[in-house]
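Take a look at the letters that make up each chain.
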Amino acid sequence: KKVEAFAGQRVVAVSAGGDHSFAITADGAVWSWGGGGFGRLLGHGDEQNQLLPKKVEAFAGRRVVAVSAGGDHSFAITADGAVWSWGGGGFGRLLGHGDEQ
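Residues numbered from 1 in each chain as written. Predicted model: local features only at pLDDT ≥ 70, side-chain atom pairs only at ≥ 80, totals over all residues. Heavy atoms only, no water.

(A) Just the overall build of the chain, in detail. Within the chain, the regular secondary structure consists of zero helices and seven strands. Ordered by position from N to C terminus, the α and β elements of the chain give β-β-β-β-β-β-β. When the 101 residues of the chain are sorted by exposure, 40% land in the buried category. Contacts in the chain between residues far apart in sequence, at least 24 positions, make up 29% of those at least 6 positions apart. Accessible surface, the chain: about 5,900 Å² in total, of which carbon and sulfur atoms supply 52%. (Helix = DSSP H or I, 4+ residues; strand = E, 2+ residues; numbered from the N terminus. Buried < 20%, exposed > 50% of the residue type's maximum accessible area, 1.4 Å probe, protein only. Contact = heavy atoms within 4.5 Å. Areas by Shrake-Rupley, 256 points an atom, 1.4 Å probe, with all protein chains shown as cover.)

What follows is the structure in structure tokens.
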């Protein structure tokens, strides 16, 4: 079924995780929807589930070129080559920060 929330926008990439999904639009914006567990799984800074795609404001002013939804964590790459991660940080290494935060 077509995701009508993107009517009038050009989606250039999508990624689906266990409970959440992402889309990147042609302007480099990231949109997420699904389960908001692990505190920030969707990138909105809360644990709210999203039934419809919602723009991830944390990337305002940045152009995202790739995004990947994992089981309980997510990654994005911005046009400047920076790698961003969020979600569950179990095992001390999942997010690449050397801790479980």
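After presenting the structure, the write-up continues.
(B) Molecular detail of the nonpolar core. In terms of nonpolar packing, the biggest core is built from ten residues, these being Phe22, Ile24, Val30, Val56, Phe59, Val64, Val67, Ala69, Ala76 and Trp86. Among the secondary structure elements, those contributing two or more residues to this core are β2 (20-25) and β5 (64-69). Tallying contributions element by element places β5 first for this core, with three residues. Among residues more than four places away in sequence, those in contact with Val64 are Ile24, Gly28, Val30, Phe59, Ala76, Ile77 and Thr78. (Core = buried A, V, L, I, M, F, W, Y, C linked by side-chain atoms within 4.5 Å.)

(C) Spatial organisation of the sheet that holds strand β1 (residues 11-16). Reading across from one edge, β1-β2-β3-β4 is the order of the four strands in this open sheet, with antiparallel pairing throughout. Two strands lie at the open edges of the sheet, namely β1 and β4 (50-55), each paired on one side alone. When the angles between neighbouring strand axes are averaged without regard to direction, this sheet yields 15 degrees. Bridge analysis of β1 against β2 gives five bridges, and the strand direction is antiparallel. Bridging from a neighbouring strand, Val11 pairs with Thr25 of β2. (Pairing = 2+ DSSP bridges. Axes fitted to C-alpha atoms, helices over the stretch in contact; angles between N-to-C directions.)

(D) Structural detail: the packing of aromatic side chains. All chains considered together, the criterion is met by five aromatic pairs. Seen from their ring centres, Phe59 and Trp84 are 5.8 Å apart, and the 80 degrees between their planes marks the pair as edge-to-face. Taken together, the residues span a long stretch of sequence, with Phe59 in the loop between β4 and β5 and Trp84 in strand β7 (residues 83-87) at a distance of 25 residues. Judged by relative accessible area, Phe59 falls into the buried class, the value being 7%. For Trp84, a relative accessible area of 31% corresponds to the partly exposed category. (Phe/Tyr/Trp six-rings, centres within 6.5 Å; stacked < 30°, edge-to-face > 60°.)

(E) Structural detail: the pairing of β2. Burial runs high along β2: six of the six residues are buried. Residues of β2 alternate between two faces, with His20, Phe22 and Ile24 on one and Ser21, Ala23 and Thr25 on the opposite face, all of them buried. Linking β1 to β2, which pair antiparallel, is a turn of three residues. Pairing between β2 and strand β3 (residues 30-34): five bridges, direction antiparallel. Bridge pairing links Ser21 to Trp33 in β3.

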